[in-house]
Amino acid sequence: MGPRGRLTEGALDVVIPARNEAARLAHGLATLSGGLCELPVSTTITVVDSASTDATAEIARRWSGPVPVRLLRCPRPGKGAAVRAGLLATTAPYVGFCDADMATGLDILPDVLAMLRTGAQVIIGSRRHPESDVEVYGRPFRRVGALAFNRLCRDITGGVTDTQCGFKFFAGPLARAAAADLRTAGFAFDVELLVHCRRRGAAITEVPVTWRDMPGSTFSITRHAGACVRDLLRIRAAAREPVAPPARAPLADELAR
């Protein structure tokens, strides 16, 4: 569990949801630790083991690096369930979550922290931001499905262009309040989480990212598309009030505020 000695809560706590991620978790922890230790605040990583059947938990438990890592067990499978459990376990003033594969580059982290410290409440990586650098290796069928899914998500969230990028950061109290209301355990959880943030009056700022399609994704169009669409329809039915559009200012303008 990270460096020897007592684990101290950081000013920024980053959650990694992990289900059967033994093949990628060590690299993900090394990459994330390297990015976090460059920040001018104390940081913590929380790995949420989502009912894994491999060595995911053992890797997190034995990890030793420059940033403290704690392991949290989540008996309920599902990425949404893992993120919910992780966010609710935090107490830090700023929190976020990243995918274990670290497909999103961490060079944007200092800017994200600066925005949080100056009052931004929700900052999400967007692969559709005009300044993003994206490499996609996925199969064409999956990309077509993602476009259709994205259109539904935009309608529900009031125009967020990329709800599914696994790189989201929040003011801690807001994240915990929104997570407490989260009911979606599957891959559509991001949409519901953002809706709950908007209902609390939070602006959503999309920032450019460097993103590389990584092998080993657990999402499958054939296995998960039906459940995702059902979840989206349920979330949309529950969203009875209109949602304001997200902020899309260039990053330099956002940081100057």
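Scoring rules and cut-offs
Residues numbered from 1 in each chain as written. Predicted model: local features only at pLDDT ≥ 70, side-chain atom pairs only at ≥ 80, totals over all residues. Heavy atoms only, no water. Helix = DSSP H or I, 4+ residues; strand = E, 2+ residues; numbered from the N terminus. Buried < 20%, exposed > 50% of the residue type's maximum accessible area, 1.4 Å probe, protein only. Polar contact = N/O pair within 3.5 Å; in protein donor to acceptor, adjacent residues only side chain to side chain. Contact = heavy atoms within 4.5 Å. Phe/Tyr/Trp six-rings, centres within 6.5 Å; stacked < 30°, edge-to-face > 60°. Pairing = 2+ DSSP bridges. pLDDT = per-residue confidence, 0-100. Salt bridge = Lys/Arg side-chain N within 4 Å of Asp/Glu carboxyl O. Disulfide = S-S within 2.5 Å.

**Details of the side chain of serine 132**
Part 1 of the reasoning: Within the element layout of this structure, serine 132 appears in the loop between strand S5 (122–126) and strand S6 (133–135).
Part 2 of the reasoning: You can call serine 132 buried: its relative accessible area is 17%.
Part 3 of the reasoning: Polar contacts involving the side chain of serine 132 include one to the main-chain carbonyl oxygen of serine 126, which spans 2.6 Å.
Part 4 of the reasoning: Each residue touching serine 132, except ones within four places of it in the same chain, is listed here: Ser126, Arg127, Val207, Pro208 and Val209.

**Quick notes on the environment of glycine 186**
Part 1 of the reasoning: Mapping glycine 186 onto the fold places it in the loop between helix H6 (172–180) and helix H7 (189–199).
Part 2 of the reasoning: Between the C-alpha atoms of glycine 186 and glycine 80, which are 106 residues apart in sequence, the distance is 5.2 Å.

**Points about the side chain of threonine 157**
Part 1 of the reasoning: Summarising the element assignment, threonine 157 is placed in helix H5 (residues 140–157).
Part 2 of the reasoning: At 2.8 Å, the side chain of threonine 157 forms a polar contact with the backbone oxygen of cysteine 153.

**Section: the packing of aromatic side chains**
Part 1 of the reasoning: Summed over the entire model, instances satisfying the criterion amount to 3 aromatic pairs.
Part 2 of the reasoning: Considering the side-chain rings of phenylalanine 97 and phenylalanine 189, the 5.7 Å spacing of their centres and the 45° angle between planes classify their relative orientation as tilted. Taken together, the residues span a long stretch of sequence, with phenylalanine 97 in strand S4 (residues 94–98) and phenylalanine 189 in helix H7 at a distance of 92 residues. Like phenylalanine 189, phenylalanine 97 is buried.
Part 3 of the reasoning: Among the aromatic residues, ring-to-ring pairing joins Phe97, Phe170 and Phe189 into one connected group.

**Focus: the pairing of S5**
Part 1 of the reasoning: The element S5 is largely enclosed, with a buried count of 5 among its 5 residues.
Part 2 of the reasoning: Neither face of S5 is exposed, since Val122, Ile124 and Ser126 on one face and Ile123 and Gly125 on the opposite face are all buried.
Part 3 of the reasoning: In this sheet, strand S7 (residues 167–171) lies alongside S5 in antiparallel orientation, the contact comprising 3 bridges. When the sheet's bridge partners are listed, isoleucine 123 is paired in S7 with phenylalanine 169.

**Side note on the confidence of the model for the protein**
Part 1 of the reasoning: When pLDDT is averaged along the protein, the result is 87; 82% of the residues meet or exceed 70.
Part 2 of the reasoning: Of the regions scoring below 50 in pLDDT, residues 1–8 engages in 22 contacts with residues more than four places distant in sequence or in other chains.

**Overview of the pattern of salt bridges**
Part 1 of the reasoning: Taken as a whole, this structure holds 15 salt bridges when the rule is applied.
Part 2 of the reasoning: Residue arginine 212 pairs with aspartate 133 through a salt bridge whose shortest N-O separation is 2.9 Å. Of this pair, arginine 212 sits in strand S9 (residues 210–212) while aspartate 133 is found in strand S6, placing the two residues 79 residues apart along the sequence.
Part 3 of the reasoning: When the shortest N-O distance is used, the salt bridge between arginine 234 and aspartate 231 registers 3.4 Å. Separated by 3 residues within a single helix, arginine 234 and aspartate 231 lie in helix H8 (residues 221–238), roughly one turn from each other.
Part 4 of the reasoning: Owing to a relative accessible area of 36%, arginine 234 belongs among the partly exposed residues under this scheme.
Part 5 of the reasoning: Overlapping salt bridges, with partners in common, bring together Glu21, Arg24 and Asp101 in one network.

**Side note on the state of the cysteines**
Part 1 of the reasoning: Considering all chains together, one arrives at 0 disulfides under this definition.
Part 2 of the reasoning: Take cysteine 165: it sits in no disulfide, and the sulfur closest to it among the cysteines is that of cysteine 98, at 8.9 Å.
Part 3 of the reasoning: Given the relative accessible area of 0%, cysteine 165 is considered buried.

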